[in-house]
Amino acid sequence: MAEAGTIRIVEVGPRDGLQNEASVLSVEDRVHLIRLLFRAGLSEVEAGAFVSPKAVPQMQGSAEVLRAFSDQERRNLSVLVPNQRGLEDALAAGAGSLSVFTAVSDSFALKNIGMSVEDSLGLFESLVRQARDRAIPVRGYLSCVAGCPFEGTVDLRRVVSLSSQLLEMGCFEVSLGDTIGVGTPVYVKKMLRALQQEVPLDKIALHCHNTYGQALANVYVGLEEGIHVFDSAVAGLGGCPFAPGASGNLATEDLLYMLGDLGGCPDLSMTALLDAADFITKKLGKEPQSAYFRATR
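To start, this report covers the structure provided alongside it. All values derive from a computational prediction rather than experimental measurement. (Residues numbered from 1 in each chain as written. Predicted model: local features only at pLDDT ≥ 70, side-chain atom pairs only at ≥ 80, totals over all residues. Heavy atoms only, no water.)

1. A look at unusual backbone geometry
For cysteine 144, which is not glycine, the phi torsion reads 60 degrees and is therefore positive. The topology assignment puts cysteine 144 in the loop between β5 (138–143) and α8 (156–168). Located in the positive-phi region is alanine 235, a residue other than glycine, with phi close to 65 degrees. Residue placement: alanine 235 occurs in the loop between β8 (229–232) and α11 (252–260). For alanine 235, a relative accessible area of 2% corresponds to the buried category. (Helix = DSSP H or I, 4+ residues; strand = E, 2+ residues; numbered from the N terminus. Buried < 20%, exposed > 50% of the residue type's maximum accessible area, 1.4 Å probe, protein only.)

Structure representation (structure tokens):
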């Protein structure tokens, strides 16, 4: 199992969470949310995405969000860049860290980023190289690792191959996304044991959705297999705008509660995290999807 003190939480609420919410929040509200997350002790936060505002209006103004923070603070913020223009705009806004996003299935990649998986890898190789030339780290996201909303079952060999390719092109880490939340502990264990034959698991993160209530169980299996990086979203925000039926991400509060008994993430404040959850859900006009929040407030 991953050792206590080595566990990292990547907070994805301000990007992956908000992009699927019906409300389009102001730049000021998004900046305030990120500051609340920093106050809770989270040191890796997705701040936005340089994507078409027509496709994802919730992410418009991502440049202004970045510019609201100091150079030092921006080192703890990442933004998604889907293409050359996105890269250039992110660099101009002072992005400290970037991410690129592809999928296991072509159907989902075409729906999500408008190109096949193979074409996306060719593009991302150039983007990653340009970022690395500027000493800017790039994280790779691989979605639909447990199943695709359009194609159903996915091939584990493809998960392994694509993860390896993202690392080989220079991504410092690959986040494996169970985009529609169909993964089970048995599947996750099988997937991670297949991966470790080809890639180091210390370069792998898990991004679990809780559609079928399996997210925490899948995280626990990940811990047992040696994974130490997990993505989550405050208040369980989000889902995926291009995956029909995908519900929210694993709630950061629920993840932190489970990790507490394992001695992980002692520098995070649950009280401050709940304040962030309360703020953002009131702004969105919805109830938090976090079981811990509902049980304690």
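After that view, the rundown keeps rolling.
2. Topic: the packing of aromatic side chains
Counted under the stated rule, the structure contains 4 aromatic pairs. Aromatic side chains phenylalanine 38 and phenylalanine 69 sit 5.9 Å apart centroid to centroid with 80 degrees between the ring planes, which places their arrangement in the edge-to-face category. Placement of the pair is phenylalanine 38 in helix α2 (residues 27–39) and phenylalanine 69 in the loop between α3 (62–67) and α4 (71–74), with a sequence separation of 31 residues. Residue phenylalanine 38 shares its accessibility class with phenylalanine 69, and that shared class is buried. (Phe/Tyr/Trp six-rings, centres within 6.5 Å; stacked < 30°, edge-to-face > 60°.)

3. Observations concerning the environment of arginine 85
As for its placement among the helices and strands, arginine 85 is situated in helix α5 (residues 84–92). Overall, the relative accessible area of 64% leaves arginine 85 in the exposed class. As a C-alpha pair, arginine 85 and phenylalanine 50 span 35 residues in sequence and 8.3 Å in three-dimensional space.

4. A few points about empty space enclosed by the protein
Within the structure shown, the criterion is met by 2 cavities of 30 Å³ or more. Considered as a void within the structure, the second largest cavity measures approximately 60 Å³ in volume. Lining the second largest cavity, in full, are Val145, Ala146, Leu176, Asp178, Gly183, Tyr187, Val188, Met191, Leu206, His207, Cys208 and Asn218. Where the lining of the second largest cavity is concerned, the elements lending two or more residues are β6 (173–178), α9 (185–195) and β7 (204–208). (1 Å grid on protein atoms, 1.4 Å probe; cavity = no way out; pocket = protein on both sides within 12 Å on 5 of 7 lines; lining within 4 Å. Points joined across faces, edges and corners; volume = space filled by probe spheres on them.)

5. Some details on the pattern of salt bridges
Once the charged atoms of two side chains with opposite charge are near each other, the side chains can pair. What the rule picks out here adds up to 16 salt bridges. Taking the shortest distance from any N to any O, the salt bridge between lysine 283 and aspartate 29 comes out at 3.6 Å. Taken together, the positions of lysine 283 in helix α12 (residues 270–284) and aspartate 29 in helix α2 put the pair 254 residues apart, joining distant regions of the chain. Classification of lysine 283 by relative accessible area gives partly exposed; the value is 41%. Aspartate 275 is the partner of arginine 297 in a salt bridge, and the nearest nitrogen-oxygen pair spans 3.1 Å. One end of the pair, arginine 297, is in the segment after α13 (291–296); the other, aspartate 275, is in helix α12, with 22 residues separating them in the sequence. Salt bridges sharing partners connect three or more residues here, namely Arg8, Glu44, Arg139, Glu173 and Asp231. (Salt bridge = Lys/Arg side-chain N within 4 Å of Asp/Glu carboxyl O.)

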